[in-house]
Amino acid sequence: IQCEYLCLPPTAVTLKMTPEHVTKQEMETANFQCEVMLETPVTIHWEKLTSGMTGYENVEEGVKQEVERASDGKWRVISRLIVGPLTTQDGGNYRCFLKEFPAMAMSELLVTPPINY
C-alpha cells in the first residue's frame with residue numbers, strides 16, 4: 001500500500017501547551033507543559049524562536065518527559081520545560097512539536113527586569 005503524506009492517522013494530532021502566555025521577572029523560573037494523546041508514544045521536541053526571528057533553536061536543557069497509558073489504550077505524553085533562573089535573553093516564543101506529525105503549539109514568555117522597591 002502506498003502512503004501519501006507520511007500515512008497520517010485519521011484523527012488530527014493536537015498538542016496542548018500551557019501556559020500560552022506568561023510574564024516573569026528575572027531570576028524567576030518559567031514552567032511550560034505540552035501534552036498529546038496518541039496511539040503510539042512519541043517524543044515531544046522543544047524549540048525557542050531566536051532573536052531577530054531568524055529561526056528556531058533546539059531546547060534540550062530543562063526538559064522532562066512522561067509517558068503513561070490511558071484507559072482507552074492510547075498514550076498520554078507529557079513534556080515539561082523548565083526555564084530559569086531567567087534572564088531577559090530567555091524571553092521569546094517557545095514551541096513544542098512532533099517530528100512524526102504536523103503538530104505544533106506555541107507559548108510566549110515575557111521576562112521583565114526585577115522591580116526595585
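These numbers were taken from a predicted model, which means no experiment stands behind them.

Each value, and the rule that gives it
- Residues numbered from 1 in each chain as written.
- Predicted model: local features only at pLDDT ≥ 70, side-chain atom pairs only at ≥ 80, totals over all residues.
- Heavy atoms only, no water.
- Core = buried A, V, L, I, M, F, W, Y, C linked by side-chain atoms within 4.5 Å.
- Buried < 20%, exposed > 50% of the residue type's maximum accessible area, 1.4 Å probe, protein only.
- Contact = heavy atoms within 4.5 Å.
- Disulfide = S-S within 2.5 Å.
- Helix = DSSP H or I, 4+ residues; strand = E, 2+ residues; numbered from the N terminus.
- Salt bridge = Lys/Arg side-chain N within 4 Å of Asp/Glu carboxyl O.
- Pairing = 2+ DSSP bridges.
- Axes fitted to C-alpha atoms, helices over the stretch in contact; angles between N-to-C directions.

Asks: Explain the nonpolar core residue by residue, including any values.
Replies: Counting 25 residues, the largest nonpolar core has Leu-15, Phe-32, Val-36, Ile-44, Trp-46 and Leu-98 as the members making the most contacts within it. With residues near it in sequence (within four places) discarded, Val-36 still touches Val-13, Thr-14, Leu-15, Val-42, Ile-44, Trp-75, Arg-76, Val-77 and Leu-98.

Asks: Residue-level account of the state of the cysteines, with values.
Replies: By definition, a disulfide links the sulfur atoms of two cysteines through a covalent bond. Considering all chains together, one arrives at one disulfide under this definition. The disulfide partner of Cys-34 is Cys-96, and the gap between their sulfur atoms is 2.0 Å. One quick way to see it: the torsion about the S-S bond of Cys-34 and Cys-96 is about 60°, and its sign makes the bridge right-handed. Highlighted residues: Cys-34 in strand 3 (residues 30-38) and Cys-96 in strand 8 (residues 92-97), separated in sequence by 62 residues.

Asks: I'd like a rundown of the pattern of salt bridges, residues and numbers included.
Replies: For the coordinates displayed, the defined rule picks out five salt bridges. In this structure, Arg-95 and Glu-47 form a salt bridge, with 2.8 Å as the shortest nitrogen-oxygen distance. Of this pair, Arg-95 sits in strand 8 while Glu-47 sits in strand 4 (residues 45-49); the two residues are 48 residues apart in sequence, bridging distant segments of the chain. Of the charged contacts, one joins Arg-76 and Glu-68 as a salt bridge, the two residues approaching to 2.9 Å between their closest N and O atoms.

Asks: How would you summarise the pairing of strand 6 (residues 63-69) if you had to cite specific residues and measurements?
Replies: The pairing of strand 6 with strand 7 (residues 75-83) spans seven bridges and is classified as antiparallel. Counterpart to Glu-66 in the pairing with strand 7 is Ile-78. Where strand 6 hands over to strand 7, the hairpin turn is made up of five residues, of which Gly-73 adopts a positive phi near 90°.

Asks: Describe the sheet that holds strand 3, naming the residues involved and giving the relevant values.
Replies: In spatial order, the strands read 1-3-7-6; together these four strands make up an open sheet with antiparallel pairing. Strands at the two margins of the open sheet, each flanked by one partner only, are strand 1 (16-18) and strand 6. Between one strand axis and the next, the sheet turns through 15° on average, direction left out of account. Direction of pairing for strand 1 relative to strand 3: antiparallel, over a ladder of three bridges. Note that in strand 3 the partner of Lys-16 across the bridge is Glu-35.

Asks: Describe the sheet that holds strand 9 (residues 104-112), naming the residues involved and giving the relevant values.
Replies: Paired through their backbone hydrogen bonds, the strands of a sheet run either parallel or antiparallel. Spatially, five strands are ordered 2-9-8-4-5 in an open sheet, and the strand pairing comes out mixed. Each having just a single partner strand, strand 2 (21-25) and strand 5 (56-59) make up the two edges of the open sheet. Taking each pair of neighbouring strands and ignoring which way they run, the sheet shows an average axis angle of 30°. Sheet analysis places strand 8 next to strand 9, joined by six bridges and oriented antiparallel. The residue bridging Phe-97 from the neighbouring strand is Met-104, located in strand 9.

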